[in-house]
Amino acid sequence: MKVSVYLIGATVFITKLNIQSFEAVENAFSKHGFEVVKPHDLFTEQEQRELTDDQQIKRRLNALANCDLALLIPGWDEDSFACAERSFANFRHIPLHSLLEGINAITQSHKKRP
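Draft legend 1. View of the environment of F22. Its place among the elements puts F22 in helix α1 (residues 19-30). F22 gets classed as buried once you look at its relative accessible area, which sits at 0%. Taking the C-alpha atoms as reference points, F22 and G9, separated by 13 residues in sequence, lie 7.7 Å from one another. Sequence-distant contacts of F22, that is, excluding residues within four places in its chain, are made with L7, I8, G9, A10, T11, L17, K38, P39, H40 and I73.

Written out as structure tokens, the structure is:
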């Protein structure tokens, strides 16, 4: 069973919702067998325009609640949705790691393999 990772990062007021940063992290972790969940996958373009902030954060927190851990992408602390996701992860005791910690963990796990 794959470990599911929710990506927490800035999406508000950033060109194309910062999709390039999220996809780069997703590609790196997917290659190592993780199931990656990013906010962008939770909504259609129409839903992103039409749903209220409350509706969007509920969907995001529900997805986060179903993941094994969360990664904080640099700049997360400048985004209200990302701050709410981090607080929720702490409240629910979902392990949180910085992106660098996540990369180091992958690197270390590969060094331990024979």
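Draft legend 2. Summary view of the side chain of N18. By the element assignment, N18 lies in the loop between β1 (4-8) and α1. For N18, the side chain forms a polar contact with the side chain of S21, separated by 3.0 Å. In this view, N18 contacts A10 and H40; residues no more than four positions away in its chain are not counted.

Here is what the cut-offs are and how they apply
Residue numbering note: each chain is counted from 1, following its sequence as written. Local features are withheld for residues below a pLDDT of 70 in this predicted model, meaning they are given only at 70 or higher, and side-chain atom pairs are given and counted only at 80 or more; totals for whole chains, interfaces and linings count all residues. Side-chain measures here rest on the full set of heavy atoms in the structure, leaving out hydrogens and waters. Under the DSSP-based scheme used, a helix requires at least four consecutive residues in state H or I and a strand at least two consecutive residues in state E, with every element numbered from the N terminus. Here the term buried applies to any residue with accessible area under 20% of the maximum for its type, exposed to any over 50%, and partly exposed to those in between, with areas from a 1.4 Å probe on protein chains only. Contacts were defined at the residue level, with two residues in contact if any of their heavy atoms lie within 4.5 Å. Here a polar contact means two N or O atoms within 3.5 Å. Within protein one must be a hydrogen donor candidate and the other an acceptor candidate, and residues neighboring in sequence count only if both atoms are side-chain atoms.

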